[in-house]
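Structural overview for review
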Amino acid sequence: MKTTMRSKYFFSYFLFFILIIFLWKIGGTGATGVDVEYCSFFNNRAPQAQPGLRNCSWFKDYSCCQQQEIEATFGEVKPLKGASPRCQRFINYLMCYICAPNQNLFYQKERLTVCRRFCDSLYDACQAAILKGNRIVELYPSGREFCISRRFLVGESNCFSFDVALDTRANAVRSTDISTLVVLVPAFVLLYYLVTMMSRLKAVDIVGSRTQTRDESMISQQKILVANGLRDKWTMLLLVILLGTAESSSGGEIVEVVGSSDVRGWADQLSTDLLRLSEEGFAFSSIQKIFRDAPYNTMKLESAKDLEKLKEALETFFDERKRLSNEMSIKVAKLYNGLSVLNGDERIRRLNSTHFESVEDLPLSVFLDANRLYSYQLNESRVYDQFFRKEVIWGQSVVKLPDSTKRNNKAVIQAVEWTSQLDEIFKENRKEFPDIRWQYFGSNTGVFRLYPGLQWRRDFVGFPEDFEPRMQPWYVDLKSGSRNIVIIIDTSSSMQKDGLDRAKSVASVLINSLNHDHNLAVIESSSDAWDTSGKNVSGSVNVLGCHHSGLSPATPQHREELVMAVQQLKAKGGSNHLPAFQKAFSLLRGQQFGDEGGKDCGSMIVFITDGKFDEHDLRCTPGYHKYSEDNRKAFVAGDICKYDTEFLINMVSLLQTSLPGSKANIFTFVTAVVSRVDLTFPGLLACDNNGVMSKIPKGDIGSSFFDQMEAYFRFVEATDLVKDPLLTGVYISPVDGAAALTFSSAVISDVTKDRVGVVAIDVALSDVEDLIRSIPLTDGDVFMMNLADGTAVIHPLAKRSYEIGDYLPHVFVAELETDNGIPEEFSVVLDKMMSGETGDYKITNNALSSFLHQENLVRSPIKSIHYFFTPISGTNFGVAIKHYLDDDVTQKMKVSMNPGTSYYHSIITSKNDEIKKQQNELHLSDDGSEFYAGIRHSYVHSTVAFGPELFCNLSVYFDQFGSSASLIQDALNSNGDVQKTCVITPAARNDARITLQMESHWKAQNLSFLASTYVATPSGVIRVYPGVVIPDTELKALHKESWYTRAVVNKGRLTVSPQHQGRHVPRTVVTFSRSVLNGTGCDSSSFESCEFLRVLGVVGMDVGSDEFRILVSTSLASTNRMQRVCSSEHYPCFSDRTKTCQTQCFLVNNVGEIVFGLPRRQRAFLSDLHTYVFKALSDRRIFLPKRIVGYQATCLDTGEVVSPEEDSKSSDIVFEMKHSCVEETLYYELNQTRLLDFGGVFVNGLDDDPCHSGLFFVSAVNNTDLILLVFDDFQDFSRNSSNKACQKLKRESVTMTKRTERRSCKENRYGVGNSSASCDSRSMRAIVMPCGYSAAALAAFHSFVFLTVCSLLALVFLI
């Protein structure tokens, strides 16, 4: 029998493996067979096998693209918002058309033809995704329209399509993949059969071997048990791994009750053991001595002189770029004048003689398209430039054209042709100033030429992002004259059907085209009306935003605030717009002469409307009820609205006379479908007031807006013509996505007197940061402020340039320097700075220092804070130095001789041959260690790393793993006081040398539980032992790391983190950290004395989480007379001997996180696990509520359009927009001193806790940020799903919550408030706008109406 079973056993295994192989072959087959000609996207090269193709891998056997080309082309593709996984896959299929070997069939003449069926599939997959603030299904009715809108051709043959079955990766990840089920289901059925057969066979063997020692009944029982047990062996093993094991016992032993003295003793023992552990781990006493014994020089602060040096350096920096921008404009004007001096016939002859029908026909030396730079075969290869952190070409510039620009336009061809000569100017500038950034020229035709050459950024489907240079800050901000502008938006009911979305877009473009030199207000306009049932539909004439009483400067904050308000407008009410115009003229009357007394600030009114006055569903009177002859009550609707547009035009003319200065120019934008609207009213309104009417047709809203609004922008450009260079505020550059400022100068033709375009030079914000860091100061922090609006440009507490993403948050300096307006004296500093004064001011009342805890500001009191400030000439910026030293004396560490060799962390992985020697000295290994398996590390030496702010040039930081590794290593160990070329700051070298002395103490420790030891200094230096590569995220935000900020907040105390994934090791760890202070007397008896001590450094260590649990459990057991404490042991409850209870222990840190007492890899707040206990502790003020605010948050808002029907509950997202917001974090902080009021131990029962029963004790763990929480006689009912009261209590958990709020109007007190931009001294040119709708046209129209009426009357009379 055994032989037969074994035969079945082996035969089943054989069938199992045959089945697996067979089914795998069936499930994994697939082939692609395509006819190939040539690769039209890549200059007609031949397809080749690309085995390394990771994306689009279905083409790897025969592909037109290479992996590096995919990475270069689609490396910066932005995902489509709200896209489902299926949508993302279809977009990926579409992007892979560049790899298709038969692309010559569907990619011709730079246009992609997509099959209609694929467009429908793509549309079906992506219709819920968000594009341009709308769902795709709302923008386009079908896949064909969607593809056409993306600039594709759509066809039925010779078009791009894709067989989804080829994407084996997509199929592989589907949980319902039939091929996977075909393989796995039979295999697991067979595997279960094999396990069953094996268990039966083993059962027979076991039972057979024991028949001599057991009777037949025992044998029978064992046979069943063993067979069943072995059959479920794998299931049980899995359960053991996932759930762990638990032993329980119960009996009649005597239960001892825990008392307060027991808990106090355990807490004291824990304090002793944890402090001893930290001493053994990071040698705290030795490190403290090293810091305090470091050589320091006492020196007097010279902040006034420091400020002079800083001011001079910044003014020189900006003046050089301003001069260069001005010289560029002169040179470019000369080039253009060479063409302009020819007469008209000669210019036409010269242009036509080229025979170029399109810019694509121009030679590559003249036109390199930035959209497809990677597709060109150039003599010069693209190189990655460390300075630009991009792949660039230095041989020539590239050209970017807006999508709406016609490439066969003669003016565009001419602009591309003559601007190619700018390359020599660009190269000369680069030679003279090697550290200048992007140089470019924006033409009034929309041509944008950029140097050095760069492949343009791409959107979510891999196509180049659109770009309109004439709508960029450096172009539109070139207006010196201040202007008062009121935008009126028609929000009547007719706009709901047609035009409100485009009206919002037009208003947003206009708002964002202004700068702080302009005073702006936006008014929504609709009038009260009634529907046919008599229900009132209230209209509104409101000034949007925070400033309702007047116009305010168009600062970034004000613009953002207005755009948000505009996006939330809804259409309702009637079309009587006279009150809105009366409000607009009222605002202009109080603003027109500004603060200069007699200088006429030009005024403009922009009216955005659909031009309709026929709301048939509305009435202008409420209506009434009447009774019929049979006494039935009926409602009679009010009178249909009739609007007298001629009267409105006449009233506007009358309002013009009320302005003290020149008349306001009025521009109108009509957003409805033109064929359905009478344009007489908007046309005449504009023409009678020296403006222009522009029509915004229905369709996509993009850069083509400029062409539709050209008359408005031309007018502004013509009236504000100025040659002086302009420095913009900080914005996100569309060229490289980095925070930048730009110097721009208008290019004005001496012949035509018109503006040809604008030349510009970028100034990266990181360059300004580098410059400030390079200026040696005696002490203090530096910040730079925009004097126009009070916002921070550079600030120690603001986001650095490398932390800013694709959105620039606006934060006021006062938000960073004060806590809700405290200290109040900072307002004096702010007023002096914004007035352009140079001076100083010392604050002694309620002075505060601030630091970042993660992204939030934490304040602490200090004795005083001293500000030194001055404006930067030629800019709108001011700079200040502040320090916290009460006696104006500081200590600077002496530059000591290097005590040994320090090893910069990046050399561990660097492939630079110059640092091979140092790598050998580290004796690197990646195995043989419990904590560091698979990670290169050194037990021979520590490694050191610097935050970005410690590098003289930020580009060196970003290249630290490249060729700069050896440069940093040499600078780190240089013995000279001054580096030949500044690589790292003196503070970096000094702190590295001080912390190097700690290495020997750490190496002497031989503790198996210790994973990593490290120290960080306030300057941004971190040293780690064993030596490893330190994560970039930790370096960029070292002072926001929780282990660092916890120690800074809890000065003098040992802090312990919850278990978390290690930063330096691939293990779950617990982190100990403690701050080193510059004074003594800071201990458990007087922690208040720590408040004013300065932090010299923070030491930390990572302990394995399992080892930490053992260490704590051992400490508790060492003084425990009851061995059951803090174990899983059960015992008869003291309160009810028929039930079993436990005694549980937890360690909780100062913000309510559980540090000890949870299963592995689990984290929780105390309020999550024991809500009742936490509420009891907060009620007794053992945990106090705290509030910290982050002013640099970025929020994403969406707006909704709700159906006008009252019963409708549906709403659709119609826009998405990022904006600055305030993030308020509400949390609870431990108040250890409060426990002294309860005798050191707080005791309470759980009688009212619906989730648990028993007693709990709380005691402080001295000299740490922990409390010990002990539950005795404890039962847990929380897992009972029918316990509704417990579920309700858990929902009240509030240990830490975050709340974001849009910036409210009251916060404008931090900026310019309601003050207005003053009028510029230079008068603007008077321009008469040509207009098709004139007074004569109006008279002719009236004559036509009169004659028509007379004719009709005569006809009636004759009849």
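Keep in mind that what you see is a predicted model, and the values were worked out from it rather than measured. (Residues numbered from 1 in each chain as written. Predicted model: local features only at pLDDT ≥ 70, side-chain atom pairs only at ≥ 80, totals over all residues. Heavy atoms only, no water.)

1. Points about helix α35 (residues 1042-1049)
Put simply, the rule reads: Type-normalised accessible area, obtained with a 1.4 Å probe on protein chains alone, sets the label of each residue: buried when under 20%, exposed when over 50%, and partly exposed for intermediate values. Each helix is a run of DSSP H or I of at least 4 residues and each strand a run of E of at least 2, with the numbering of both proceeding from the N terminus.
The buried count for α35 comes to six of eight residues, which makes it a mostly enclosed element. All of the buried residues along α35 are W1043, Y1044, T1045, R1046, A1047 and V1048.

2. Comments concerning the pairing of strand β19 (residues 602-609)
A regular strand carries its side chains on alternate faces of the sheet. To keep things clear, this is the line we draw: Strands qualify as paired when DSSP identifies two bridges or more between them.
Among the eight residues of β19, eight are classified as buried, and the element is accordingly described as predominantly covered. Across the two faces of β19 the burial is the same, with G602, M604, V606 and I608 and S603, I605, F607 and T609 all buried. In this structure, strand β13 (residues 483-490) lies alongside β19, joined through seven bridges in parallel fashion. When the sheet's bridge partners are listed, I489 is paired in β19 with I608. Inspection of the sheet shows β19 paired to strand β23 (residues 665-670) by six bridges, in the parallel sense. When the sheet's bridge partners are listed, T609 is paired in β23 with V670.

3. Comments concerning the state of the cysteines
Under the convention used in this document: Here, a disulfide means two cysteine sulfur atoms that sit within 2.5 Å of each other.
One pass over the structure, following the stated rule, counts 10 disulfides. There is a disulfide in this structure between C620 and C641, and the S-S distance comes to 2.0 Å. Residues C620 and C641 share a disulfide whose torsion about the S-S bond is about 115°; that sign makes it right-handed. Placement of C620 in the loop between β20 (618-619) and β21 (624-627) and of C641 in the loop between β22 (633-636) and α22 (645-656) is noted, with a sequence separation of 21 residues between them. For C641, a relative accessible area of 8% corresponds to the buried category.

4. Observations regarding the pattern of salt bridges
The condition is simple: Definition used for salt bridges: Asp or Glu carboxyl oxygen within 4 Å of a side-chain nitrogen of Lys or Arg.
In the structure shown here, the tally under the stated rule is 29 salt bridges. In this structure, D273 engages R276 in a salt bridge whose closest nitrogen and oxygen atoms are separated by 3.4 Å. Taken together, the residues D273 and R276, both in helix α11 (residues 260-282) and three residues apart, mark about one turn of the helix. Owing to a relative accessible area of 43%, R276 belongs among the partly exposed residues under this scheme. With a shortest N-O distance of 2.7 Å, K289 and D293 are connected by a salt bridge. Look at K289 and you get exposed, because its relative accessible area is 54%. Judged by relative accessible area, D293 falls into the partly exposed class, the value being 48%. Salt bridges linked by common partners bring E360, D369, R372 and R407 together as one network.

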